[in-house]
Amino acid sequence: MLKKLINMKKWLLLLMILVLIQTFAYEFYLIKAQVEASERSIESFRSTHESQASLAFLLEDQISSIYYRLTLDQTLGEWMQQREPTISNMYLLGLLQDNSLKIISSNPLVVSVYIYGKTTDTVLSTNHEFTKLDQFPDKEIFTEFNEKNGHWVGKRLEKAGYGNAKSIISFIGAIGNNGLVAINIDERKLLSQSADLYGTLLVGKERNILTFQDGKEVKIPELPVERLPQKPTLLDQPFSLEGYKVFQTGHASGEWEMISIATPIESSPAWQYRKIMIVVLSLFLIVLAALIYRYAKKSYFQPIERLEHNYSRNLDDLKHNLVLNVLTGKLKEADIREKMTEMGVQFPSDRIMVIVFQIDDFYDYLLNMKQDDRFFMDKTIYNAIKWTFMTAYASYAVKAELEKIAILLSIPSDMDEAGMLHKVEGTIRYLQNEIRDNCNLTICAGISRLQESLKDAHTGYYQALQAVGFKTIYGKHSIIRYQDISAKHSDEHVYLVTDINKMCNLIKEDRLDEFESLFRRMQNGMLNEEKFSLDRLNALFSNVLYGIVKLTLEQRFDFADIVKEDIFMKIYSYEFLQDKTEYVIHVARTVSAAIQARKNSNNKTVQLILDYIHDHYDQSISLTTISDSLGINSSYISTLIKQEVGQGFVDYMNQLRINKAQNLLQDPNLTIKHISEICGYETVHSFIRNFKKVHLLTPSEYRNKSLSKRNV
């Protein structure tokens, strides 16, 4: 029963396909018939128009030729110049009439010829003989003529004809200054080449209608003739005007334009019927094709798609694991070749390079999303990196960790490492900007050195991981080459305790720009060490912060009141060098601001104390003496002096006295003992001891040396 049902499905599918093919064939036949009918219609229209235009323009040329000959005819000129009727006049009249009849007989479209002599005011007509102008039925064509070269008169009935009046158009031209000639054309014969289906217009050079003929479905008076182009040309395809198809051809002389007008074939019942049939059949084909597709998909394609999908998914997983094992060094070289051939993983060259992307704060970023969104975002970023590289390079991408994506990249044999690095960095920068703009995430990338063989892929992977680790130094959104972090200077930079002390003094003196410059120079020195490590760099930050804490204690500040946080916990919470540096500078500025604020508040008191010292330092004074004189606590005086001048009271007093002694020693008449008394020392031994401590020379030695230099 099941087998019978399967066979029925097959026959039903085959039947629907046959109906689809037959319907498509019939629709194709109808479309072809439409196209051919359109082409035939345009070709017939073009052929009729060209035939009619050729006839008209040939006639126009012939009339121009006849008129030109008449202007040169001596017999005609002689007749027009005669003033009185003579026998000779009658003879000439006969010759002119014969000549006119020859013109009519030579061209079947010419109906008659009128010759008007102004001198005798008479008209010679081939169909009304010889008469005065005022008795001539068509005298208006001569009386209204006011041109030099001639013009065409539009369609009218010939009044001077015998029997049935014909519809004519006439050319009127001057014969010198003595007369006029009119050549009349049979309008019906002129338009005889036009088919009954088409409308025809003959337009003069002044855009006036000389004659027209309605078509079966074309009414000329209803058309906006003024909208026709000014400079007509014969085109392969007609143009459209008010729903009609139009061919327009101008004569080279500019006298006539022949215009043919036809209704488009698209408006014919046969065309409309085929059009409706094509639309109906198209809809039927769409519905039938959809049914066939749905039926075939459900019965045949879906099982095949599921099989292919499962195979592709498993193959992708196998390739992913293979590349990951190559990067981590878990496969031997022979196994690498075999597995890659088996799974269709191919590289054009054995030269490889490894790139590792690390997405900053990706774990926390995903935690803030719903579970479905997490998977989608993780897959989106991975695919963005994977396909950007796979479409531009011979490469494979693997998800090494949640926040890390590794790229195994094959380097063409004709490209050097520097050229490849430049090209790859452009791709990485594009990815970084795209992911930052769309996901608000920053990505750091580490690039290995070029490896000459796939068996060294694990070395490249290790190098790329090491490079990514240096994002602490280079910052987020950085591209780090392993060759840059491995090429360090050989001279090791060692910062000293004196450097820390100097930085603290700069903070105390509010010279923060110098502090920042020195701090950054110390960092750069460490970064360029051959034996650089992140631990030593962190130690530098800790020591600088410790020095700042020590400075605040020396200044008798409560550090917790100035910086309201644990600075050592804070500094280790930052991941990047720039963040750590900015935090240390922030702490330094905060402490410096506190010191300067207190200095400003104690300025007047300090100045009072210093003024007293400068007035009495060469006398026997002490902190107690100053305290009693100024009414200020002696301990407080000692603290203020140290904060202001950077040294204790005794050292400051000794500095002032020694400075004064230096000047007095320039006088050789003063004894050492007398100088010590003048400077405020109680004993000469105390003076000598303090002087030598500063200058490393006794006062006598200092004097001798100074005087010898002065005498040279």
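Residues numbered from 1 in each chain as written. Predicted model: local features only at pLDDT ≥ 70, side-chain atom pairs only at ≥ 80, totals over all residues. Heavy atoms only, no water.

1. Side note on the overall build of the chain
(1) Moving on: For the chain, the helix and strand inventory stands at 26 helices and 16 strands.
(2) Moving on: In the chain, buried positions account for 43% of the 712 residues.
(3) Moving on: Only carbon and sulfur atoms are counted for the fraction: they give 53% of the accessible area of the chain, which is about 39,900 Å². (Helix = DSSP H or I, 4+ residues; strand = E, 2+ residues; numbered from the N terminus. Buried < 20%, exposed > 50% of the residue type's maximum accessible area, 1.4 Å probe, protein only. Areas by Shrake-Rupley, 256 points an atom, 1.4 Å probe, with all protein chains shown as cover.)

2. Brief notes about the environment of Tyr461
(1) Moving on: For Tyr461, the position within the fold is in helix H11 (residues 457-469).
(2) Moving on: The residues touching Tyr461, leaving out its near neighbours within four places in the chain, are Leu327, Thr328, Val354, Val356, Ala400 and Ala406. (Contact = heavy atoms within 4.5 Å.)

3. Describing the nonpolar core
(1) Moving on: Core analysis: the largest hydrophobic core is formed by 47 residues, its most contacted members being Ile63, Ile115, Phe142, Ile185 and Trp256.
(2) Moving on: Of all the secondary structure elements, the ones that give two or more residues to this core are helix H1 (2-72), helix H2 (74-81), helix H3 (87-106), strand E1 (110-117), strand E2 (122-125), helix H4 (140-143), strand E5 (167-175) and strand E6 (179-186).
(3) Moving on: It is H1 that provides the largest number of residues to this core, a total of eight residues.
(4) Moving on: Residue contacts for Ile185: discarding those within four places in its chain leaves Leu59, Ile63, Leu109, Val110, Val111, Trp152, Ser167, Ile168 and Ile169. (Core = buried A, V, L, I, M, F, W, Y, C linked by side-chain atoms within 4.5 Å.)

4. Some details on the side chain of Gln248
(1) Moving on: Turning to its location among the elements, Gln248 is positioned in strand E10 (residues 244-250).
(2) Moving on: Residue Gln248 is classed as buried on the basis of its relative accessible area of 2%.
(3) Moving on: A polar contact of 2.7 Å, which involves the side chain of Gln248, links it to the side chain of Glu257. (Polar contact = N/O pair within 3.5 Å; in protein donor to acceptor, adjacent residues only side chain to side chain.)

5. Section: the sheet that holds strand E13 (residues 395-399)
(1) Moving on: Taken together, the five strands give an open sheet; going across it, the order is E13-E14-E12-E15-E16, and neighbouring strands pair in mixed fashion. If you trace the sheet from one side to the other, it starts and ends with E13 and strand E16 (479-481), each paired once. Taking each pair of neighbouring strands and ignoring which way they run, the sheet shows an average axis angle of 20 degrees.
(2) Moving on: As paired strands, strand E12 (residues 352-359) and strand E15 (residues 443-447) are joined by five bridges and run antiparallel to one another. (Pairing = 2+ DSSP bridges. Axes fitted to C-alpha atoms, helices over the stretch in contact; angles between N-to-C directions.)

6. Focus on the pattern of salt bridges
(1) Moving on: All told, the structure shown has 14 salt bridges when counted by the stated rule.
(2) Moving on: For Arg46, the salt bridge is made with Glu43, and the minimal N-O distance between the two is 2.4 Å. On the criterion of helical spacing, the pair formed by Arg46 and Glu43 is a turn pair, its members being three residues apart in helix H1.
(3) Moving on: Since its relative accessible area comes to 13%, Arg46 is described here as buried.
(4) Moving on: For Glu43, a relative accessible area of 44% puts it in the partly exposed group.
(5) Moving on: In this structure, the salt-bridge partner of Asp456 is Lys455, at a minimum N-O distance of 3.6 Å.
(6) Moving on: Asp456 gets classed as partly exposed once you look at its relative accessible area, which sits at 23%.
(7) Moving on: Using a relative accessible area of 41% as the deciding quantity, one classes Lys455 as partly exposed.
(8) Moving on: What emerges from the salt-bridge pattern is a single network uniting Glu509, Arg511 and Glu514. (Salt bridge = Lys/Arg side-chain N within 4 Å of Asp/Glu carboxyl O.)

7. Focus on the sheet that holds strand E3 (residues 129-132)
(1) Moving on: Ordered in space as E3-E2-E1-E6-E5-E4, the six strands form an open sheet in which the pairing is antiparallel. Where the open sheet ends on each side, the last strands, each with one partner, are E3 and strand E4 (151-157). With strand direction ignored, the average angle separating the axes of adjacent strands in the sheet is 20 degrees.
(2) Moving on: In terms of strand pairing, E1 meets E6 through seven bridges, oriented antiparallel. Bridging across to E6, Tyr116 finds its partner in Leu180.

8. Examining the pairing of E3
(1) Moving on: One ladder, built from four bridges, connects E2 with E3; its direction is antiparallel. Bridged to Leu124 within E3 is Phe130.
(2) Moving on: A loop of three residues connects E2 with E3, the two strands running antiparallel in sequence.

9. Comments concerning the packing of helix H23 (residues 649-664) against helix H25 (residues 684-695)
(1) Moving on: One way to put it is that H23 packs onto H25 with a least axis distance of 10 Å and a crossing angle of 90 degrees. In terms of their interaxial angle, H23 and H25 are classed as roughly perpendicular. Between H23, through Asn654, Ile658, Ala661 and Gln662, and H25, the contact on the second element is made entirely by Phe687, Asn690, Phe691, Val694 and His695.
(2) Moving on: Considering only residue class, the contact of H23 with H25 consists of five nonpolar, four polar and no charged. (Parallel < 35°, antiparallel > 145°, perpendicular 65-115°, else oblique. Nonpolar A, V, L, I, M, F, W, Y, C, P; charged D, E, K, R; others polar.)

10. Observations concerning unusual backbone geometry
(1) Moving on: In this structure, Asp121 is a non-glycine residue whose phi angle is positive, near 55 degrees.
(2) Moving on: Along the chain, the position of Asp121 falls in the loop between E1 and E2.
(3) Moving on: Of note, the phi angle at Asn440 is positive, near 60 degrees, even though the residue is not glycine.
(4) Moving on: Turning to its location among the elements, Asn440 is positioned in the loop between helix H10 (417-439) and E15.
(5) Moving on: By relative accessible area, Asn440 is classed as exposed at 68%.

11. Re helix H22 (residues 634-645)
(1) Moving on: End to end, H22 covers 16 Å across twelve residues, agreeing with the expected 16 Å (1.5 Å per residue, within 8%).
(2) Moving on: Of the residues making up H22, those classed as buried are Ile637, Thr639, Leu640, Ile641 and Gln643.
(3) Moving on: The N-terminus of H22 is capped by Asn633, whose side-chain oxygen sits 2.8 Å from the backbone nitrogen of Ser635.
(4) Moving on: Remark: Gly646 follows H22 within two positions and exhibits a positive phi of approximately 80 degrees. (Expected span 1.5 Å × (residues − 1).)

12. Looking at the pairing of E6
(1) Moving on: Burial analysis of E6 places eight of its eight residues in the buried class, which makes it a mostly covered element.
(2) Moving on: The side-chain alternation of E6 yields two buried faces, one formed by Gly179, Val181, Ile183 and Ile185 and the other by Leu180, Ala182, Asn184 and Asp186.
(3) Moving on: Hairpin geometry of E5 and E6 is characterised by an intervening segment of three residues between the two adjacent antiparallel strands and by a positive phi of about 65 degrees at Gly176.

13. Digging into the packing of helix H9 (residues 371-392) against H10
(1) Moving on: Running from amino to carboxyl end, H9 crosses H10 at an angle of 155 degrees, the nearest separation of the two axes being 10 Å. One element, H9, and the other, H10, form an angle in the roughly antiparallel class. Of the two elements, H9 crosses H10, and the hand of that crossing is right-handed. Between H9 and H10, the contacting residues are Met377, Ile381, Ala384, Ile385, Thr388 and Phe389 on the first element and Val424, Thr427, Ile428, Tyr430, Leu431, Ile435 and Cys439 on the second.
(2) Moving on: Per-class residue counts for the contact of H9 with H10 are eleven nonpolar, two polar and no charged. (Left-handed = near helix turned anticlockwise from the far one by under 90°.)

14. Thoughts on the packing of aromatic side chains
(1) Moving on: In total, this model carries 17 aromatic pairs according to the counting rule given.
(2) Moving on: An aromatic cluster is defined as three or more aromatic residues linked by ring pairs; in this entry it consists of Tyr67, Trp152, Phe171 and Trp256.
(3) Moving on: Its guanidinium or amino end placed over the ring of Phe212, Lys155 lies 5.5 Å from that ring's centre, counting from NZ or CZ.
(4) Moving on: One cation-aromatic arrangement involves Arg657 over Tyr681; the distance from NZ or CZ to the ring centre is 5.4 Å. (Phe/Tyr/Trp six-rings, centres within 6.5 Å; stacked < 30°, edge-to-face > 60°. Lys NZ or Arg CZ within 6 Å of the ring centre and 35° of its normal.)

15. Some remarks on H9
(1) Moving on: For H9, with 22 residues, the first-to-last C-alpha span of 32 Å sits near the 32 Å given by 1.5 Å per residue.
(2) Moving on: Within H9, burial applies to Met377, Ile381, Tyr382, Ile385, Lys386 and Phe389. Burial along H9 is one-sided: seen end-on, the buried residues are contained in an arc of 150 degrees. Residues Asp372, Phe375, Phe376 and Thr391 are exposed on H9 and point more than 90 degrees away from its buried face. (Arc of directions from axis to C-beta.)

Geometric descriptors of this kind do not, in isolation, establish any biological role.
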